[in-house]
Amino acid sequence: QVQLVESGGGLVQAGGSLRLSCAASGRTSSNYAMGWFRQAPGKVREFVAAISRSGGNTLYADSVKVRFTIYRDNAKNTVYLQMNGLKPEDTAVYYCAADRFIGAIRDYAQYGYWGQGTQVTVSS
């Protein structure tokens, strides 16, 4: 089992940047693939980005490709989401997730472990 703790959310003006962090702990936590998802009020949870166990493979939603970057530091057991060029439509609660996948996975239902979520608000 792995425990996930998120940080880095906040309020930012459109065009600004934020970096979200998700620190993982627990047995064999460095052996887990990771993902980022987001959910706006009244909307379903949607995929944002995912990364393989080693960090060598990544996936992005079309809406965030180029603007967002997912990467990980396995020495710190932490995965990051660098968000640049933020837009008001990026406003949502952002969640990190983990599971023992070989590669990056975009389906939220396949992840067994989730963080508490962190609010990202982008003002126009």
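In what follows, the accompanying structure is described.

Cut-off values and rules
- Residues numbered from 1 in each chain as written.
- Predicted model: local features only at pLDDT ≥ 70, side-chain atom pairs only at ≥ 80, totals over all residues.
- Heavy atoms only, no water.
- Disulfide = S-S within 2.5 Å.
- Helix = DSSP H or I, 4+ residues; strand = E, 2+ residues; numbered from the N terminus.
- Buried < 20%, exposed > 50% of the residue type's maximum accessible area, 1.4 Å probe, protein only.
- Phe/Tyr/Trp six-rings, centres within 6.5 Å; stacked < 30°, edge-to-face > 60°.
- Lys NZ or Arg CZ within 6 Å of the ring centre and 35° of its normal.

### Observations concerning the state of the cysteines
- Tallied over the full model, the rule gives one disulfide.
- In this model, cysteine 22 is linked to cysteine 96 through a disulfide, with the two sulfur atoms separated by 2.0 Å. An S-S torsion of about 55° defines the bridge between cysteine 22 and cysteine 96 as right-handed. Of this pair, cysteine 22 sits in strand E3 (residues 18–26) while cysteine 96 is found in strand E9 (residues 92–99), placing the two residues 74 residues apart along the sequence.
- You can call cysteine 96 buried: its relative accessible area is 0%.

### Some points on the packing of aromatic side chains
- Evaluation of the coordinates by the stated rule reveals seven aromatic pairs.
- Taking the centre distance of 5.0 Å and the plane angle of 80° together, the rings of phenylalanine 101 and tyrosine 111 count as edge-to-face. Of this pair, phenylalanine 101 sits in the loop between E9 and strand E10 (113–114) while tyrosine 111 sits in the loop between E9 and E10, and the two are 10 residues apart along the sequence. A single burial state applies to phenylalanine 101 and to tyrosine 111, both of which are buried.
- Between tyrosine 111 and tryptophan 114, the ring centres sit 6.2 Å apart and the planes meet at 65°, which makes this aromatic pair edge-to-face.
- Lying across the ring of tyrosine 95, arginine 45 places its NZ or CZ 4.3 Å from the centre.
- Between arginine 45 and the ring centre of tryptophan 114, over which it is positioned, the NZ or CZ distance is 4.6 Å.

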